[in-house]
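# Analysis of the macromolecular model
Each chain, written out:
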Amino acid sequence: MNAFIAVVLASLLSRLGYQMARSPVLPIFAADLGALPELIGVIVAASTITGVFFKLPSGALSDVLGRKRMMVLGALFFAGPPFVYPFVDDPWSLLALRFVHGFATAIFSPVASAYVAGLGESGRGARLGWFSSANDVGATAGPLVGGFVLYFTASYSVTYLLVGALGVLTLLVVLLLPDADRPASDTKTLGARTTEFRQGLAEVLRTPPIFVAAGIEAVMYLGYGAFLGFLPIYAKNVGLNDAEIAIVLGAQLVLAMVAKPITGRVSDRVGRIPVIIVGLLLCAAALPLIFRSENLAFFLFAAPLLGVGVGAVTPVTNALIADLASARRLGAAMGVFGTIWDIGEAAGPMIAGFLIGGLGYAATFDVLAAVIALVSFGLIVMVRDPKAAARDREAERPVK
C-alpha cells in the first residue's frame, strides 16, 4: 500500500472514532452525570492536557525509533479506552478516562504529521492540506455519526462501543503501514539513541520561529476548543436536539475539510502568513455570531465561517513548521507544535467554563474572539513570512 494513502486512511479512521467520543456526545454525557460547567470544561480539555505533556516527547522519539512504531503505540490507545466508557457512572471517573484516552492523539498525531511532511519537500503544503482535509472527513463524520447514534439509541454505551470498534480498525491499518521512514539508528545502542533524542530536541528548541508558528495555532484553538466544548450545551439551551447539533458541527467541519487543500496550495504560492491571518480573522468574526444564534438556520450560517477560518490556519501552520525544521527533526518539531497547540485547545474550554458562569455565552466568546483578532494584527505588524524572506534573499544575491 502507498505510504501516503495508508497514513491518511489510518488518520481518517482514528479521527472519526475520536471525534465521535468527543463532541457533541462528551459534554452532554458529562452534564448528564451531574458535572457543572467548570468541570465540563476540564473534562472536555482532559485528553488535550495529555497531549500537552506527551506530544513533544512522542514526536522526538519518532525521529529516533521510527514513525510506524510510535503510531502503533498511539493506535493501541485508540483501540482500548473506548470500551471502558460504558462502565463510567460519575464525572470524576469520566475525567480520569479522558486523560488516558488522550494518549491516543498525543502519540499518534504529531508522528503522523511528521510522516507526511517527511515524504518530500516538493508540494509539502498541498500534501499536508490533503492530509489534514482527509482527517477532517473523519472529524466531520464523527460528530454527525455520534450525534445521530446518540439521538436514535439514547445510549452512551452503544456510541462508545462503536468508537472502540473504529479504534480497532485504526490499529489494523497502522500495523499494515509501510515502514517507509525506517531510521538509520535501528542498529544504534540505547545510549546513542538517547543522545540523538536530546540533540533533536535541542535543535528544535533553539528555533524561535517554530514557537511563533505553534503559538498561532494555539491561539486559534483557544477559541475553537471552547466552541467544541460548549456549542452542544449552548445549542441545547436554545432548543436544538442532538441530531441538529450534529448537523451544525458537521457543516462547520465540511467547510474546513474543503478549505484545507485549497489554503495549503495557496500558501505554497503566496506565503504562509497572509493565509494564516485571513483564517484567524474569520475565526474571530464567527465565534460571537455562533453564540448569539437562536435557531438552526443562523447556526448553519455562522458555523461554516469558523470552518473556513480553521481550514485556512491548520494546514498552513503545519507547513510553516515543516519549512522551519530540518528533515531529521520533523518529529521533534511537530511534537513542539502539537504541545503548544494543545495548550491552547485545553485552555479554551477551561477558560470558557469559568467565564460563562459570570459573563454568559455571548460575552465569553466575544473575549476569546478579541484575543484571536489581536494576535492577527500582531502577526501583520511583527512577523515576516519565511517564504517572502527567502525570495528577497534570492533577489539580492549577485548574478554570476
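These remarks concern the structure in this document.

Cut-offs and rules
Residues numbered from 1 in each chain as written. Predicted model: local features only at pLDDT ≥ 70, side-chain atom pairs only at ≥ 80, totals over all residues. Heavy atoms only, no water. Core = buried A, V, L, I, M, F, W, Y, C linked by side-chain atoms within 4.5 Å. Buried < 20%, exposed > 50% of the residue type's maximum accessible area, 1.4 Å probe, protein only. Helix = DSSP H or I, 4+ residues; strand = E, 2+ residues; numbered from the N terminus. Contact = heavy atoms within 4.5 Å. Axes fitted to C-alpha atoms, helices over the stretch in contact; angles between N-to-C directions. Parallel < 35°, antiparallel > 145°, perpendicular 65-115°, else oblique. Left-handed = near helix turned anticlockwise from the far one by under 90°. Nonpolar A, V, L, I, M, F, W, Y, C, P; charged D, E, K, R; others polar. Salt bridge = Lys/Arg side-chain N within 4 Å of Asp/Glu carboxyl O. 1 Å grid on protein atoms, 1.4 Å probe; cavity = no way out; pocket = protein on both sides within 12 Å on 5 of 7 lines; lining within 4 Å. Points joined across faces, edges and corners; volume = space filled by probe spheres on them. Phe/Tyr/Trp six-rings, centres within 6.5 Å; stacked < 30°, edge-to-face > 60°.

Before going further, it helps to spend a moment on the nonpolar core. Tyr160, Phe227, Leu231, Ile290 and Leu306 are the most contacted members of the largest nonpolar core, which has 73 residues in total. Of all the elements, helix H10 (residues 208-237) adds the most residues to this core, at 14 residues. The contacts of Phe227, once residues within four sequence positions are left out, are Pro232, Leu249, Gln252, Leu287, Ile290, Phe291, Leu306 and Phe365. Listed in part, the 29 residues of the second largest apolar core include Phe108, Val111, Leu171 and Val173.

In the contact formed by helix H1 (residues 3-22) and helix H8 (residues 156-175), the axes pass within 9 Å of each other and the chain directions differ by 165°. Here H1 lies roughly antiparallel to H8, going by the angle between them. Classified by chirality, the crossing of H8 by H1 is left-handed. Where H1 abuts H8, its residues Ala6, Leu9, Ala10, Leu13, Ser14, Leu16, Gly17, Met20 and Ala21 lie against Thr159, Tyr160, Leu162, Val163, Leu166, Leu169, Thr170, Val173 and Val174. When grouped by side-chain class, the residues that make up the contact of H1 with H8 number 14 nonpolar, 4 polar and no charged.

What the rule picks out here adds up to 2 salt bridges. One salt bridge connects Asp242 with Lys236, and the closest N-O pair in it is separated by 3.2 Å. Judged by relative accessible area, which is 13%, Asp242 ranks as buried. Classification of Lys236 as partly exposed rests on a relative accessible area of 36%.

Moving on: empty space enclosed by the protein. On inspection of all chains with the given rule, the structure shows 2 cavities of 30 Å³ or more. Of the voids in this model, the second largest cavity is the one considered here, and its volume is about 40 Å³. Along the walls of the second largest cavity sit Leu13, Ser14, Gly17, Tyr18, Phe78, Pro82, His101, Val163, Leu166, Gly167 and Thr170, which together make up its complete lining. Mapped onto the lining of the second largest cavity, the elements with two or more residues apiece are H1 and H8. For the lining of the second largest cavity, the residue count by class is 6 nonpolar, 5 polar and no charged.

Here the focus is the packing of aromatic side chains. The final tally for this structure, using the stated rule, is 17 aromatic pairs. Relative to Tyr160, the ring of Tyr85 has its centre 4.0 Å away and its plane inclined at 5°; by these criteria the two rings are stacked. Pair noted here: Tyr85 is in the loop between helix H4 (67-79) and helix H5 (91-101) and Tyr160 is in helix H8, with a separation of 75 residues, a long-range link. Look at Tyr85 and you get buried, because its relative accessible area is 1%. Between Tyr151 and Phe152, the ring centres sit 5.0 Å apart and the planes meet at 75°, which makes this aromatic pair edge-to-face. Three or more aromatic residues joined by ring pairs make a cluster, and in this case those are Tyr221, Tyr224, Phe227, Tyr234, Phe291, Phe299, Tyr361 and Phe365.

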